[in-house]
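# Coordinate analysis (summary)
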Amino acid sequence: MIVAESFIDLRSDTVTRPTAGMREAMATAEVGDDVYGEDPTVAALEAEVAALFGHEAALFAPTGSMANQIALQLVVPPGDELLCDADAHVVTYEIGAAAAYGGISSRTWPAVGADIDPDVVAGMVRPDGYFAVPTRAIAVEQTHNRGGGGVIPLTTLRELRRVADDHGLALHCDGARIWHAHVADGVPLAEYGALFDTLSVCLSKGLGAPIGSLVLGSAEKIDRARFIRKRMGGGMRQVGVLAAAGRYALAHHVTRLAEDHAKAARLAEAVAPFGVLAAPVRTNLVPLDLTKHPLDAKALAAAARAEGLLVSVLGPRTARLVTHMDVDDAGIDRAVEILTRLLRA
């Protein structure tokens, strides 16, 4: 299915198309064979992102899911345990990859989005013992997708770092939208980076690149990550044409995320009177809870689509709106008009 240009697409921030400047950067990128480690544009991207977060090294991967799964295999041996929340992307949207590829056992705390209680997490840690599955790592998501784009406070992350250190665990961050958290709260990327043993960061959500994520960690970890990436089918050749898009995005599209946050706030303000706003809106995601509304999520999506607006259905009574660089102020105005009319009916 090809979505017509006339549609206002608020399903996800993954639907953006490369800008003219990004296409030019891709077309003129210097390239080489990345499996041999000879693509200079990839190397430059990896060095740049590692430096932004204060890590020794980074590895370019084609997808966020692959980046996450590489990182988890770096910190959790086969048969051992990962702790994360029940709505975490790594256990919800990655098709059981942690178990299938890494032999990793996962255990979750109740889904609370960004409102994590470090004491609850600490109470779940299982040490090495008689036939117990030992906990090896904790994973968090910044910002939290199914948590409505919520931003985990820096104080919470520091407490989780303390929990990890007290129990000899690794701390991983699925930072697919960590750029949004950085812009929303003003926390320096290097301050986030200092808290985690491994991170994954995405270039194709919000930043507008057509593809690409990176795994960050120590030089030793990233050497091993390159091996794991190849095993998972992620070895790439002249991929500098894609890395160039990522470098362009970092240079031009990070600070503008504040515009997307402002647009999301406008949408939230418009739908709030109808009692369907599922959580406070901090970034570019607007979660909708239709439990008490006559329309369910599929009905709302179908009615909106008939008027040229696309929304995401996450469950029978759960929908989501996501702002991004391909929806301008006029598009938000039109979305507000459609949504308020449908929700009022």
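Let us look at the structure shown here. (Residues numbered from 1 in each chain as written. Predicted model: local features only at pLDDT ≥ 70, side-chain atom pairs only at ≥ 80, totals over all residues. Heavy atoms only, no water.)

Residues three or four positions apart in an α-helix share a direction because the helix packs 3.6 residues into each turn. For helix α10 (residues 219–231), with 13 residues, the first-to-last C-alpha span of 19 Å sits near the 18 Å given by 1.5 Å per residue. For α10, every residue scored as buried is listed here: Ile222, Ala225, Ile228 and Arg229. On an axial view of α10, the arc spanned by its buried residues comes to 110°, and they lie on one face. Turned more than 90 degrees away from the buried face of α10 sit Glu220, Asp223, Phe227 and Arg231, all of them exposed. Contacts from the buried residues of α10 go to β2 (57–61), α3 (64–75) and β8 (213–217). One or two positions beyond α10, positive phi appears at Gly233, with a value near 85°. (Helix = DSSP H or I, 4+ residues; strand = E, 2+ residues; numbered from the N terminus. Expected span 1.5 Å × (residues − 1). Buried < 20%, exposed > 50% of the residue type's maximum accessible area, 1.4 Å probe, protein only. Arc of directions from axis to C-beta. Contact = heavy atoms within 4.5 Å.)

A separate point is empty space enclosed by the protein. Per the stated rule, a full pass over the model turns up one cavity of 30 Å³ or more. Estimated volume of the largest cavity: approximately 50 Å³. Those elements that place two or more of their residues in the lining of the largest cavity are β3 (81–85), α4 (89–92), β5 (135–141) and β6 (170–175). Here the lining of the largest cavity gets three residues from one element, more than from any other, and that element is β5. Taken together, the residues that form the lining of the largest cavity break down as five nonpolar, two polar and three charged. (1 Å grid on protein atoms, 1.4 Å probe; cavity = no way out; pocket = protein on both sides within 12 Å on 5 of 7 lines; lining within 4 Å. Points joined across faces, edges and corners; volume = space filled by probe spheres on them. Nonpolar A, V, L, I, M, F, W, Y, C, P; charged D, E, K, R; others polar.)

Right, let's talk about the packing of aromatic side chains for a bit. If you walk through the whole model with that rule in mind, you get two aromatic pairs. With a centroid separation of 5.5 Å and 70° between ring planes, the pair formed by Phe53 and Trp179 is classed as edge-to-face. Taken together, the positions of Phe53 in helix α2 (residues 40–53) and Trp179 in helix α8 (residues 178–185) put the pair 126 residues apart, joining distant regions of the chain. Each member of the pair, Phe53 together with Trp179, is buried. Geometrically, the ring pair formed by Tyr130 and Phe131 is tilted, given 4.3 Å between the ring centres and 45° between the ring planes. For the pair Tyr130 and Phe131, a shared accessibility class is recorded, and that class is exposed. Positioned over the ring face of Phe7 is Arg305, at 5.2 Å from the centre of the ring. (Phe/Tyr/Trp six-rings, centres within 6.5 Å; stacked < 30°, edge-to-face > 60°. Lys NZ or Arg CZ within 6 Å of the ring centre and 35° of its normal.)

A word on the nonpolar core. By size, the foremost hydrophobic cluster in this structure holds 51 residues, and its most contacted members are Phe53, Ile138, Trp179, Leu203 and Leu214. Not counting residues up to four positions away in its chain, the partners in contact with Leu203 are Leu45, Phe60, Trp179, Gly208, Ala209, Ile211, Gly212, Ser213, Leu214, Gly246 and Leu250. (Core = buried A, V, L, I, M, F, W, Y, C linked by side-chain atoms within 4.5 Å.)

Pairing is mixed across the open sheet formed by seven strands, whose spatial order is β2-β8-β7-β6-β5-β3-β4. Because the sheet does not close on itself, it has two edges, and the strands there are β2 and β4 (105–109). Across the sheet, the axes of successive neighbouring strands diverge by a mean angle of 20°, strand direction being ignored. Inspection of the sheet shows β3 paired to β4 by five bridges, in the parallel sense. Looking at the pairing, Leu82 lines up with Ser106 of β4. Contacting β2, β7 (198–202) and β8, α2 runs over the sheet at an angle of about 130° to β2. (Pairing = 2+ DSSP bridges. Axes fitted to C-alpha atoms, helices over the stretch in contact; angles between N-to-C directions.)

With respect to the helices and strands, the residue Asp80 is situated in the loop between α3 and β3. Ignoring any residue separated from it by four or fewer positions in sequence, one finds Asp80 in contact with Gly103, Ile104, Ser105, Val133, Pro134 and Arg136.

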